[in-house]
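A structural walkthrough
Given next are the chains, with one letter for each unit.
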Amino acid sequence: MKVSIITAFYHGNDYMKQYTDCILANQKHMSKEDELEVILVNDSPDQEISLPIDGTDYNITIVDQKENGGIHSARVRGLKEAKGEYVMFLDQDDVLTENAVAKHVDKIKQWQQQISRMNEGNAVIQGTGLEQLMLHPVSVSNALLEQADGEQLLWYRTHYQKDKIGDYKTYLKVGIQIISPGQCLVPKKMIPVIWTTEICKVNGSDDYYLWLLLLSRRIPFLLLDEPLYIHKHTGNNLSANTDNTDASIYEFIEMLKQDTIISEKELKLLRRQISYKSEFRKGGIGTKLVSTLKNLDIFAANVIFKLRSKTPYGFNRS
């Protein structure tokens, strides 16, 4: 299997030593029949990418954007260059364990072998769209979330939370269940065209957009229950800016209204979830109470999720 790591680069030279060390370690752990390519998309035209000059061949392709288009635009540009069957959108400042990609590949191959055995001789399934969906899952690893003090918290802690990784309704009512696409190997052929043509200009939620599209098509999400990905704390993490991520979500909701992949009812539920949480974060006691009374179904889903997942990230986690 060939895998493509795609990274949107933006003024990220300070991270390149850490990044290339991570890439080299993962390349060394790939089996002989598998291959790992890396595509760095430079989304900061005013700065050249400076890789370590040490004579090492990192198998890295650098693609320059003519102008800054944002992280979604850069990821799509990298996707067009990628030759892998599977892709990973790894942020420039995050880290993988040295064997993360190889473990994802093994997980997917084991799944595909299992599905092929189940489908063998089943004329109803063979050659259908269902067979293709089942044979091309998303692999999601557990992760470590680095805090400002350097402490690393495990992301998926309970069986309940792990079961929600591929649960479409949870993404609509509670929020995104994946810290970053760097946790995931994604089947390139299953990425919907709309995600590559209707581009978020506001940074922050293009991954949420992608997961919703894949889940709405019933693509399987597999859990690789090891922390193979570390979300580094830099003080500039996009996910920490809820106003930005909310604006990005509203943007892709408007784009999805022009398509039929996700129903109007589901988009209204998603918008209501995001609006309610924003009001809850920013409002006083009166605003919180009134907003909650209008959104009791979302409130109940979030309280249940909070209690059963035992997450330390609070009611507003999204």
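Basis of the calculations
Residues numbered from 1 in each chain as written. Predicted model: local features only at pLDDT ≥ 70, side-chain atom pairs only at ≥ 80, totals over all residues. Heavy atoms only, no water. Core = buried A, V, L, I, M, F, W, Y, C linked by side-chain atoms within 4.5 Å. Buried < 20%, exposed > 50% of the residue type's maximum accessible area, 1.4 Å probe, protein only. Helix = DSSP H or I, 4+ residues; strand = E, 2+ residues; numbered from the N terminus. Contact = heavy atoms within 4.5 Å. Polar contact = N/O pair within 3.5 Å; in protein donor to acceptor, adjacent residues only side chain to side chain.

Let us look at the nonpolar core. Note that soluble globular proteins tend to have their nonpolar side chains buried in a common cluster. Core analysis: the biggest nonpolar cluster contains 84 residues, and Ile 5, Trp 211, Phe 221 and Phe 252 have the highest contact counts within it. Top contributing element to this core by residue count: helix α8 (residues 206-216), with eight residues. For Ile 5, the contacting residues outside a window of four places in its chain are Tyr 19, Ile 23, Leu 36, Glu 37, Val 38, Ile 39, Met 88, Leu 90, Leu 96 and Val 101.

Burial within α8 is extensive, with eleven of its eleven residues counted as buried. The complete set of buried residues in α8 reads Asp 206, Asp 207, Tyr 208, Tyr 209, Leu 210, Trp 211, Leu 212, Leu 213, Leu 214, Leu 215 and Ser 216. Arg 218 occupies a position one or two residues after α8 and carries a positive phi of about 70 degrees.

The residue Gln 92 is located in the loop between β4 (86-89) and β5 (95-96) in this model. Separated by 84 residues in the primary sequence, Gln 92 and Ala 8 place their C-alpha atoms 6.8 Å from one another. Leaving out residues up to four positions away in the same chain, Gln 92 has contacts with Thr 7, Ala 8, Phe 9, Tyr 10, His 11, Gly 12, Tyr 15, Met 16, Gln 18 and Tyr 19. For Gln 92, the side chain forms a polar contact with the main-chain nitrogen of Tyr 10, separated by 2.9 Å.

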